[in-house]
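# Survey of secondary and tertiary structure
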Amino acid sequence: MSAAEPQFLPVNAAWTPARCAALLEGLSPEQELQFYAADHASPSDPGAYIRVQRQGAEVWLRKAANHGWSTDWQRIPLKDLQGELYRNRHAQPFGVQLSAFRVQATEGEK
């Protein structure tokens, strides 16, 4: 898979918390996962687009954004990230996007 060719993985209501965790645990440092969190509080349009990068064996960074705002990259425990993906599995009509990322995130940067 090249950086220009994201892969869409089907995620639906049948997914379990364990399957969400397995997807996240399977991320390599060369990949980025993106999904839509319909339940995320937003100052603009509903929800947020979530980007996730794995930085090490037990380190995941997460960034949220939507229409004119974004958060910094922040560490997030796997259990919290898994819960967010699981709660929002129904909001992925095209699946989640898995792609190679060009710039590795640094905790605390925009």
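Residues numbered from 1 in each chain as written. Predicted model: local features only at pLDDT ≥ 70, side-chain atom pairs only at ≥ 80, totals over all residues. Heavy atoms only, no water.

### With respect to the packing of helix α1 (residues 17–25) against helix α2 (residues 78–87)
- One can describe the packing of α1 onto α2 by two numbers: an axis separation of 9 Å at closest approach and a directional angle of 120 degrees. Comparing their axes, α2 and α1 come out oblique. The crossing of α1 and α2 is right-handed. Contacts from P17, A18, C20, A21, L23, L24 and E25 in α1 reach L78, L81, Q82, L85 and Y86 in α2.
- When the residues that make up the contact of α1 with α2 are grouped by side-chain class, the tally is 10 nonpolar, one polar and one charged. (Axes fitted to C-alpha atoms, helices over the stretch in contact; angles between N-to-C directions. Helix = DSSP H or I, 4+ residues; strand = E, 2+ residues; numbered from the N terminus. Parallel < 35°, antiparallel > 145°, perpendicular 65-115°, else oblique. Left-handed = near helix turned anticlockwise from the far one by under 90°. Contact = heavy atoms within 4.5 Å. Nonpolar A, V, L, I, M, F, W, Y, C, P; charged D, E, K, R; others polar.)

### A word on the side chain of Q53
- Relative to the helices and strands, Q53 is located in strand β3 (residues 48–56).
- At 2.6 Å, the side chain of Q53 forms a polar contact with the side chain of E32.
- In this structure the side chain of Q53 is engaged in a polar contact, spanning 3.5 Å, whose partner is the side chain of Q55. (Polar contact = N/O pair within 3.5 Å; in protein donor to acceptor, adjacent residues only side chain to side chain.)

### Some details on the nonpolar core
- Formed by 22 residues in total, the largest nonpolar core has its most connected members in L24, L33, F35, V52 and V96.
- Mapped onto this core, the elements with two or more residues apiece are α1, β2 (31–37), β3, β4 (59–66), α2 and β7 (96–100).
- Those residues in contact with L33 that lie beyond four places of it in its chain are L23, L24, L27, I50, R51, V52, V96, Q97 and L98. (Core = buried A, V, L, I, M, F, W, Y, C linked by side-chain atoms within 4.5 Å. Buried < 20%, exposed > 50% of the residue type's maximum accessible area, 1.4 Å probe, protein only.)

### A word on the environment of S70
- Position of S70 among the secondary structure elements: in strand β5 (residues 69–70).
- Distance in space between the C-alpha atoms of S70 and Q34 is 14 Å, their sequence separation being 36 residues.

### Things to note about the packing of aromatic side chains
- If you walk through the whole model with that rule in mind, you get one aromatic pair.
- When the ring of Y36 is compared with that of Y49, the centres are 4.9 Å apart and the planes differ by 50 degrees; the resulting orientation is tilted. Note that Y36 is positioned in strand β2 and Y49 in strand β3, a separation of 13 residues in sequence.
- A cation over an aromatic ring shows up here: R89 above the ring of Y86, its NZ or CZ 3.8 Å from the ring centre. (Phe/Tyr/Trp six-rings, centres within 6.5 Å; stacked < 30°, edge-to-face > 60°. Lys NZ or Arg CZ within 6 Å of the ring centre and 35° of its normal.)

### Digging into the pattern of salt bridges
- Scanning the model with the defined rule gives four salt bridges in all.
- Measuring nitrogen to oxygen at the nearest pair gives 2.9 Å for the salt bridge that ties E84 to R62. In this pair, E84 sits in helix α2 while R62 sits in strand β4, placing the two residues 22 residues apart along the sequence. R62 matches E84 in its accessibility class, with the two residues each being buried.
- A salt bridge links R75 to E107; the shortest N-O distance between them is 2.9 Å. Of this pair, R75 sits in strand β6 (residues 74–76) while E107 sits in the segment after β7, placing them 32 residues apart in sequence.
- For E107, a relative accessible area of 44% corresponds to the partly exposed category. (Salt bridge = Lys/Arg side-chain N within 4 Å of Asp/Glu carboxyl O.)

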